[in-house]
Amino acid sequence: MSMIVFYGQTSLNRKMPSYPPPNESPWYLRFLPWLLILVGSVVVFVGSNKVWLGLKSRDWPRVPGIVRSSAVQESYKTRKSGSGSERYKVYEATLIYDYTVDAQSYTGDRISFGHAPSENRHAEQSYVDRLPSGSEVTVFYDPNQPDRSVLHPGKTEVKPIGLIVVGLVFIGGGIWMFFKFRDGVPLQMNIDMNRTG
């Protein structure tokens, strides 16, 4: 009889695990949605600004310019693959050109808005070969900011559009998380996080 009582007392005195209340969200789940929305908004703004400038540049005034130098720059990027990640080489045509607006000299290096490196060396090299040092080019400049210029107006590359898409995904994920956890974390998920923590 005494053994039974002792066992019962031991069971009653055993410390039960304490779990957070069902409606209490961890601090990072309250913070993360706003971080995603903020980062996404910045990325969308950067991408949209490049697209907008690319379209607006079609109406910019033009002046003659002279290519100071042209070359193909090589660099490496990393991408995911089936076996992990791999490095690959990319090429980018780079030009530096001089132009004058209202007797003021400027130097530009923008080919088009959103111009990005490519794996196609031949295409980049062909562009550079057509515009060696000393070549004449037509430069389009922003009348409100003459030091902002471009050689190919109205042309928007894939890169800024990709930035907009990525930014919208971040914003959408942040909004989803906000509504998902605004009333707290479901009890089972809360218990699982407490166990792993």
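Just so it is clear, the structure is predicted and the values come from calculations on it, not from any experiment.

### Observations regarding the pattern of salt bridges
A pair can form between side chains of opposite charge whenever their charged atoms are brought close.
At step 1: Applying the stated rule across the entire model yields four salt bridges.
At step 2: Between Arg68 and Asp98 there is a salt bridge; the shortest N-O distance is 2.7 Å. Here Arg68, found in strand β1 (residues 62-81), pairs with Asp98, found in strand β2 (residues 84-101); they are 30 residues apart in sequence, far enough to count as distant.
At step 3: Residue Arg68 is classed as partly exposed on the basis of its relative accessible area of 47%.
At step 4: A salt bridge links Asp142 to Arg148; the nearest nitrogen and oxygen atoms lie 3.2 Å apart.

### Focus on the environment of Val169
At step 1: Mapped onto the fold, Val169 is located in helix α4 (residues 158-181).
At step 2: According to the relative accessible area criterion, Val169 is exposed, its value standing at 56%.
At step 3: For Val169 and Leu36, which are 133 residues apart along the polypeptide, the C-alpha to C-alpha distance reads 9.1 Å.

### A closer look at the side chain of Ser57
At step 1: The topology assignment puts Ser57 in the loop between α2 (27-56) and β1.
At step 2: Looking at Ser57, the relative accessible area reads 0%, which means it is buried.
At step 3: Discounting residues that sit within four places of it in the chain, Ser57 has contacts with Phe113, Phe140, Val150, Pro153 and Gly154.

### A short note on the side chain of Asp142
At step 1: Note on placement: Asp142 falls in strand β4 (residues 136-142).
At step 2: Overall, the relative accessible area of 5% leaves Asp142 in the buried class.
At step 3: Once residues within four sequence positions are removed from consideration, Asp142 is found in contact with Trp60 and Arg148.

### Quick notes on helix α3 (residues 121-130)
At step 1: Of all the residues in α3, the buried ones are Glu124, Tyr127 and Val128. One face of α3 carries all of its buried residues, which in axial projection span an arc of 95 degrees. Along α3, exposed side chains directed more than 90 degrees from the buried face belong to His122, Asp129 and Arg130.
At step 2: If you follow the buried residues of α3, they end up packed against β1 and β2.
At step 3: Between the side-chain oxygen at the start of α3 and the backbone nitrogen of His122 there is a gap of 3.2 Å, and the oxygen is on Asn120.

### Some remarks on a nonpolar patch on the surface
At step 1: A cluster of nonpolar side chains, Phe31, Leu32, Leu35, Val39, Val165, Val166, Val169 and Phe170, forms an exposed patch at the surface whose accessible area comes to about 640 Å².
At step 2: Within the residue set of the nonpolar patch, elements represented by two or more residues are α2 and α4.
At step 3: Considering the arrangement of structural elements, one finds Phe31 in helix α2.
At step 4: With relative accessibility at 47%, the residue Phe31 sits in the partly exposed group.

Calculation notes
Residues numbered from 1 in each chain as written. Predicted model: local features only at pLDDT ≥ 70, side-chain atom pairs only at ≥ 80, totals over all residues. Heavy atoms only, no water. Salt bridge = Lys/Arg side-chain N within 4 Å of Asp/Glu carboxyl O. Helix = DSSP H or I, 4+ residues; strand = E, 2+ residues; numbered from the N terminus. Buried < 20%, exposed > 50% of the residue type's maximum accessible area, 1.4 Å probe, protein only. Contact = heavy atoms within 4.5 Å. Arc of directions from axis to C-beta. Polar contact = N/O pair within 3.5 Å; in protein donor to acceptor, adjacent residues only side chain to side chain. Patch = residues over 30% accessible without salt bridge, like charges linked within 9 Å, V, L, I, M, F, W, Y side chains within 5 Å. Areas by Shrake-Rupley, 256 points an atom, 1.4 Å probe, with all protein chains shown as cover.

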